[in-house]
Structures are given as structure tokens and as C-alpha cells.
Amino acid sequence: MQKFQKIAFILMFLLFSGYVFCGEPVLAPWNENKPFPRPSEIAFPKGTVHYIVQDCDQDPDYRFLHETAVGFLGNKIIAAWYNNPTKELTGKTFQRYRWSEDEGKTWSNPQILMDRGNDKGLMYVGMQFLNLDGELYAFTNEEHGAEKPFNMNLLRYEKSNGTWKELGPIAARFLSMQQPILMDNGNYAICGSYNPTPGGVNGYLPAVYISQGKDIAKPWKRYLIDTEYVNVFAETAMIAEGASLFAMTRLERSAYPNVYISKDYGKIWEKIENTSFPASSTKFAAGTLSNGTRYLLFNIPDFKRDQNGKIIPNSFTRNRGTLAIALAKPDEKAFSKIWKVSDSSSSTKQRASHYPCAVEHNGKLYITYTGQHKYRNCGLTIIPIDSLK
């Protein structure tokens, strides 16, 4: 009897402490009953349109651009990026943005999001947006020297005068890689990369930060996704479904990115096997559409297949020519459909399209990304939700 009482006590402790075993994943990387397509085997969804937000070919002062973000204030689109004069993280490194009031056809002049004159060697790189209760917030990444994560800062747009108010740092040595996602427990989660050492180079650990409910100005709590991850850039994106979370992390020198699951709102994570979803080594973006469809934005590699139709893992490299979106319908347990988002065949003729960010608004998915002509650009693709089937 005492033995059963002890077991019951342990089970109750695990239940009420919030600890759960991960077990079966909420979402598998790919439906292995379907062949994973090559770039030449996918098409653009019906009604897709493409625009250029900011073109470094037309900006002689700032020839480099990277890590875009997109959001909304009312029906106005905001698209942002960081700039350098000539090369990545070399010289002045600051964030700019533009507004569009006509669905991306025309844009305002570039405005500054974050720039303190690079005081104390700070560099302002990627960012994310969140519209909360009608207010627009920006989560901006700082580095203290190239590739040295320093702070993630929170800013609020002041509609009265068109400026940004700094609300302070909310996460140390963390680089956000995806817009905050509201979970069913009322907390927001934001994925990215973390460095545990002050002054350390690269965010090399995948991590998720959790808010204290809607009080997003308070410090967020960090949970490491993988403490044994070995890579240079732990760029991570996440999907939430109740208490269950699905995350994918960039992995160098591998055909298949790392995949993780959590079933307790991001506190405890488990790595699951991924031998079915190949992706180029670069940043992801992910989320859930209003119709319940889960999506994952990634760079689809060109690869070879063996005589049995299986992917040959070492047949591709860091190809960023084709940006794609994978879909899993609400009743599906794995991604099963892939559409094209941007490549050289689009109307904007991008030589490369990578580092995506996405937000849904009024029945459409708005996707920004780092594009490439002679120099880089901020590209925008808009896809009707009804076409993402």
C-alpha cells in the first residue's frame, strides 16, 4: 500500500509542478508518405504578389541590408531591416523602416527605428514587431561588437508624435528570431539564439523567452531548448498549439535542421529525429494561420535523389535561392504541402531570398525577407490565405 501511495504522490507532484513527458510530437517534420519536392517541383500560390520595400541598388549610402521584419498598425504595413554602408556588421549598424498604406505598392521614406550613434560600440541588428491592444511594439536586437549578443530591447511606437519610446532591455545576450507568439496560457513566447557568456561571440544556443502575461515590459524568463547544441547560429522558429510547442533550429553542415518539442509551454524540451525535412542552413519563420493551418518558412534546397527516390543528404549546400512555405492542415500531424514564396522567377527576380518574417492581416500572409539583386533589398511577398492549401 505504501508503495502505491508513493507512486501516486510522485505522479501528483509531476502533474502539479507542470512537468510533463514530451512523448509523441505535436507535429512531425514531414509526412513521409509524400515525396519531399525540389524547388523546380513547387509553384507560387494563386494570387501571390511581390514588391521591393527597400533596394540597396538605389541607396549608395547603405549597400548592405539584412534581417527584415513586418508588422501592422491599423491597416498600415511596417517593414524594417538593418543597414550597413558596404558590408555585413561593418561600420555604422542601425535599424530603419518604412510604412505602406496601399498594400505594399508604395512606401514612405526610410525612418530610423534604433540608432544611438553606435555609442559604446553597440550595433542594432534584427528586430520583431507585435501589435498588442492596438499598440505597436518593436523587439530590437543589440550586439556589442559584431556577432556578440548584448540585449533584446522593447520599444513602443508613440502614435501622437511618430517616435519610438524605449521601454528598456528585457532579455540579456539574446537575439530574437521570430515575432512573439501568444500561447493559450496567456504568455507570449519568442524564439531565438542565446549566448551564456557576457561578451561571447554568436548566439549559439537555441532558446525561448516567456513573458509575464501581457505585461511585456517586464523581464522575460529564459528557457534553453538545447544545452548540447553545437553550431554557430542557433536561429530558431516555433509553432504553438495549446501547451505543445514545435521548434526548428538552423544547423550548419547538415541536410536536416534540428527539431524540438515541448508539452509544457516551453519549459522542458526534447529533441526529435528529423530525417525527412531537409532545409538550407539559414533562418526560419513559423506560425499558425487563422484557419488553423501551421506554416514554416524556410529555404528549400535543390538536391539529388537516389534510385529509390530518397534524398541524398550531401547533394546540396547553403542554397538560399528559393524561399518556400510548408503547410500542415489542422487535422494533420506533419507538414505535407510546400509552396514557393520567392525566387528568380518572381516578378522582382530575386537572386536570393532568405531570413523571412511573416504576419497575417485581413486574409493575407505578408512575408518580408532579405532579397538580392546586385546589392541586397527588403522583399515583400503577399499571399491570400485561401490560396495556402
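Above this text is the structure in question.
Since the model is a prediction, treat every value here as computed from it, not as a measurement. (Residues numbered from 1 in each chain as written. Predicted model: local features only at pLDDT ≥ 70, side-chain atom pairs only at ≥ 80, totals over all residues. Heavy atoms only, no water.)

A.B. asks: Would you mind going over the sheet that holds strand S21 (residues 323–328) with me for this structure?
C.D. replies: The strands making up a sheet associate through backbone hydrogen bonding, with each pair oriented either parallel or antiparallel. Read across the open sheet, the four strands follow the order S19-S20-S21-S22; overall the sheet is antiparallel. If you trace the sheet from one side to the other, it starts and ends with strand S19 (285–288) and strand S22 (337–342), each paired once. On average, each strand axis in the sheet is inclined to that of its neighbour by 20°, with strand direction left out of account. (Pairing = 2+ DSSP bridges. Helix = DSSP H or I, 4+ residues; strand = E, 2+ residues; numbered from the N terminus. Axes fitted to C-alpha atoms, helices over the stretch in contact; angles between N-to-C directions.)

A.B. asks: It is not clear to me how the packing of aromatic side chains should be interpreted in this structure. Could you clarify?
C.D. replies: Think of a pair of aromatic rings as described by two things: how far the centres are apart, and how the planes are tilted against each other in angle. Inspection of the entire model under this criterion finds 18 aromatic pairs. Between Phe 36 and Phe 277 the ring centres are 5.1 Å apart and the planes differ by 70°, which places this aromatic pair in the edge-to-face class. Of this pair, Phe 36 sits in the loop between helix H1 (2–16) and strand S1 (49–55) while Phe 277 sits in the loop between strand S18 (270–272) and S19, placing them 241 residues apart in sequence. Pair check on accessibility: Phe 36 and Phe 277 agree, each one buried. Judged by centre distance (5.7 Å) and plane angle (75°), the rings of Phe 139 and Trp 220 are edge-to-face. With Phe 139 in strand S7 (residues 135–144) and Trp 220 in the loop between strand S13 (205–210) and strand S14 (221–224), this pair connects stretches of sequence that are 81 residues apart. By relative accessible area, which is 5% here, Trp 220 ends up buried. Cluster of aromatic residues (ring-pair linked, three or more members): Trp 30, Phe 36, Phe 246, Phe 277, Phe 298, Phe 303 and Phe 335. The aromatic ring of Trp 99 is capped on one face by Lys 76, whose charged end is 4.2 Å from the ring centroid. A cation over a ring is seen here: Lys 337 above Trp 339, with NZ or CZ 4.5 Å from the ring centre. (Phe/Tyr/Trp six-rings, centres within 6.5 Å; stacked < 30°, edge-to-face > 60°. Buried < 20%, exposed > 50% of the residue type's maximum accessible area, 1.4 Å probe, protein only. Lys NZ or Arg CZ within 6 Å of the ring centre and 35° of its normal.)

A.B. asks: Help me understand the sheet that holds strand S24 (residues 364–372), please; the structure alone is not making it clear to me.
C.D. replies: With antiparallel pairing, the four strands of this open sheet are ordered in space as S1-S25-S24-S23. Edge positions in the sheet fall to S1 and strand S23 (353–361), since each has one partner strand and no second. Taking each pair of neighbouring strands and ignoring which way they run, the sheet shows an average axis angle of 25°.

A.B. asks: Hey, could you run me through the pattern of salt bridges in this one?
C.D. replies: It is possible for side chains bearing opposite charge to pair when their charged atoms get close. Across all of its chains, the model carries 13 salt bridges by this definition. Across the pair Lys 92 and Asp 115 runs a salt bridge, and its minimum N-O distance is 2.6 Å. With Lys 92 in the loop between strand S3 (76–84) and strand S4 (94–100) and Asp 115 in the loop between strand S5 (111–114) and strand S6 (122–132), this residue pair connects regions lying 23 residues apart in the sequence. Note on Lys 92: relative accessible area 28%, which makes it partly exposed. Exposure remark for Asp 115: the relative accessible area of 24% places this residue in the partly exposed category. The residue Lys 214 makes a salt bridge to Asp 133 at a minimum N-O spacing of 3.4 Å. Residue Lys 214 is found in the loop between S13 and S14, and its partner Asp 133 is found in the loop between S6 and S7; the two are separated by 81 residues along the sequence. (Salt bridge = Lys/Arg side-chain N within 4 Å of Asp/Glu carboxyl O.)

In short, geometric facts, not functional conclusions.
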